[in-house]
Amino acid sequence: MVLKRGVAALVRRVLPQSERRAARQTLWLGAITVAQFLASIVQVAVSARILGPEGLGVVAVIIALTSLLYRLVSLPGNEVITTFVTRSIAEGRMEEATGTLRFTMLVSQGLSLVSYVLLAAVTLAVSGLLGEAEDYRSALLVYGVGGVAAATFRESMAVLRLADRLQLGFAVAVVSSAARTAFLVAAWMAGGGLIMVISAYVVGDVVTGVGMFLAAACSERQAGLPGFLRSLRARVPGRDVIAFQVGSFWRASVEAVILHIDVILIASVLSLHQVGLYRAAYQIVDATKHPFRSIATGVQAEYSRQWYGGDAAAVRGLARRFTLLSLAIAVAGYGLLVIIYGPVIRIMLGAGFEEAAFPLLFMIPGALAFAVVAPVSVLPAAIGRAVPHLAAYSVALVAMVAAILVLAPRYGAEGAAWANSIGWIAFAAAFVPFIVGTLRQGDDAVR
């Protein structure tokens, strides 16, 4: 208790008032990240030992196909909540705020059901990627259930950020990570296979989706949205929100493609063994990105508050502080990973994954570029602009796909890893002009 009070007092003295909430939320998101990171280490290790490189390649294709479909048929409602519900609350339009929140929740859940129907149709066309398609169709359908259960996860997290109650999100993350890990370990001990591994991921998604929604429902008053669950009456947002959603839809679609098309393209030109090696390295590197995603998520709502409050100086301060924080963590963390990558692969993946070493190393430059730009990558969405993010993802997609088509057939998983880095470096570079231009604006321009 004494330590907690001391840290709180230090934060009050060091950080300006406008940045304390962002710092507090970043710390809670960091705690969520630690829980998810530790669980992901165990999950990758157990999954790799159950399935081996080829089996992990099959899981990678299943996840890529399902996630791509769900993300293509979705709207990023969390950003509407963070940006426009925040604006409505700040301006005292509470009915508008609750109506917009209901609209985003209902749309997200409805689109997830549409996605599952489409997934059932897609299972008929995966034989070219998975080989024995008949044996994997059930795994695809089982994995799709998790997408329906977790459909409103991001929207619920946005409500918790508005309420400043991310400690509830931390509790849900711990429980869901524990449930998924326990299921995987039980599958390993029982000699389970693909379906058991997929089912473990679904268990985690169900606990996460349901738990986060209940946490958001319990936080409606603190979020300034009392009674949003007392009615299903949704309010169709105004033109500015609709325009933002249209841009966000296309941005989310491009983002979905860049996050998942690599596995699908690689599986079409390489063996499932090579796909498994690539995916194993990717999972390790992707786990290291969690802290930077948490920093970005934690600062996004505060960007919106200060922007719509007309305080450009506060926005610049937030961007500067959290970019430097992200840079320091990235340089230290990835520098350490370059030194100890060998033991990391042996401990996390076990025998049969030694060839994943170079793909892991080749993904680090792209991960470093992502980490540096992460705190400012959410600035466009925070101020209601979808086009910059769409443009950055489009540039990254073109760069990565072109690199995969050139490098993967010739260099296998290592070439695919370089293509991944090229894509994220292009993503970071494409953001620079917008971020520089936005942060140069004065307070009058913000108003």
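What you see is a predicted model, and the numbers here were worked out from it, not measured in a lab.

Attention shifts here to the nonpolar core. Tyr303 and Leu349 are the most contacted members of the largest nonpolar core, which totals 105 residues. The biggest single contributor to this core is helix H16 (residues 387-439), with 19 residues. If we skip the residues at most four places from it in the chain, Tyr303 touches Val315, Leu318, Ala319, Pro375, Val376, Val378, Leu379 and Ala382. Of all hydrophobic cores here, the second largest spans twelve residues; its members include Ile81, Ala216, Ala223 and Leu225.

Enumeration according to the criterion identifies two cavities of 30 Å³ or more in this entry. Here the second largest cavity is characterised by a volume of approximately 50 Å³. Every residue along the wall of the second largest cavity is listed here: Ser47, Leu56, Val59, Ala60, Ile63, Val197, Tyr201, Arg279 and Gln283. Contributing elements (two or more residues each) for the lining of the second largest cavity: helix H2 (17-72), helix H9 (194-217) and helix H11 (272-288). A per-element tally of the lining of the second largest cavity places H2 first, with five residues. In terms of residue class, the lining of the second largest cavity is built from six nonpolar, two polar and one charged.

We note that Asp164 has phi near 60 degrees; this positive angle belongs to a residue other than glycine. Along the chain, the position of Asp164 falls in the loop between helix H7 (153-163) and helix H8 (166-189). Judged by its relative accessible area of 22%, Asp164 is partly exposed.

The next point concerns the packing of helix H14 (residues 357-377) against H16. Between H14 and H16, whose axes approach to 11 Å, the crossing angle comes to 10 degrees. Accordingly, the angle class assigned to the pair H14 and H16 is roughly parallel. Class assignment for the residues of the contact of H14 with H16 results in 19 nonpolar, five polar and one charged.

This next bit is on the pattern of salt bridges. Enumeration over the complete set of coordinates arrives at two salt bridges. Of the charged contacts in the structure, one is a salt bridge between Arg180 and Asp205, with a shortest N-O distance of 3.0 Å. Here Asp205 lies in helix H9 and Arg180 lies in helix H8, a separation of 25 residues in the sequence. Comparing Arg180 with Asp205, the two get one shared label, buried.

Moving on, we come to the confidence of the model for the protein. For the protein, per-residue confidence averages 81 on the pLDDT scale, and residues scoring 70 or more make up 87% of the total. The spread of mean pLDDT over the elements of the protein runs between helix H1 (residues 2-14), the lowest at 44, and H14, the highest at 93. Under a pLDDT of 50 for its full length, residues 1-15 has, in the predicted model, six contacts with residues more than four places off or in other chains. Taken as a whole, residues 443-447 scores under 50 in pLDDT and shows ten contacts with residues more than four places along the chain or in a different chain.

Judged by its relative accessible area of 16%, Arg180 falls in the buried class. Here Asp205 takes part through its side chain, which lies 3.0 Å from a polar atom of the side chain of Arg180. Residues contacting Arg180, with those up to four places away along its chain left out, are Gln43, Ala200, Tyr201, Gly204 and Asp205.

About the cut-offs
- Residues numbered from 1 in each chain as written.
- Predicted model: local features only at pLDDT ≥ 70, side-chain atom pairs only at ≥ 80, totals over all residues.
- Heavy atoms only, no water.
- Core = buried A, V, L, I, M, F, W, Y, C linked by side-chain atoms within 4.5 Å.
- Buried < 20%, exposed > 50% of the residue type's maximum accessible area, 1.4 Å probe, protein only.
- Helix = DSSP H or I, 4+ residues; strand = E, 2+ residues; numbered from the N terminus.
- Contact = heavy atoms within 4.5 Å.
- 1 Å grid on protein atoms, 1.4 Å probe; cavity = no way out; pocket = protein on both sides within 12 Å on 5 of 7 lines; lining within 4 Å.
- Points joined across faces, edges and corners; volume = space filled by probe spheres on them.
- Nonpolar A, V, L, I, M, F, W, Y, C, P; charged D, E, K, R; others polar.
- Axes fitted to C-alpha atoms, helices over the stretch in contact; angles between N-to-C directions.
- Parallel < 35°, antiparallel > 145°, perpendicular 65-115°, else oblique.
- Salt bridge = Lys/Arg side-chain N within 4 Å of Asp/Glu carboxyl O.
- pLDDT = per-residue confidence, 0-100.
- Polar contact = N/O pair within 3.5 Å; in protein donor to acceptor, adjacent residues only side chain to side chain.

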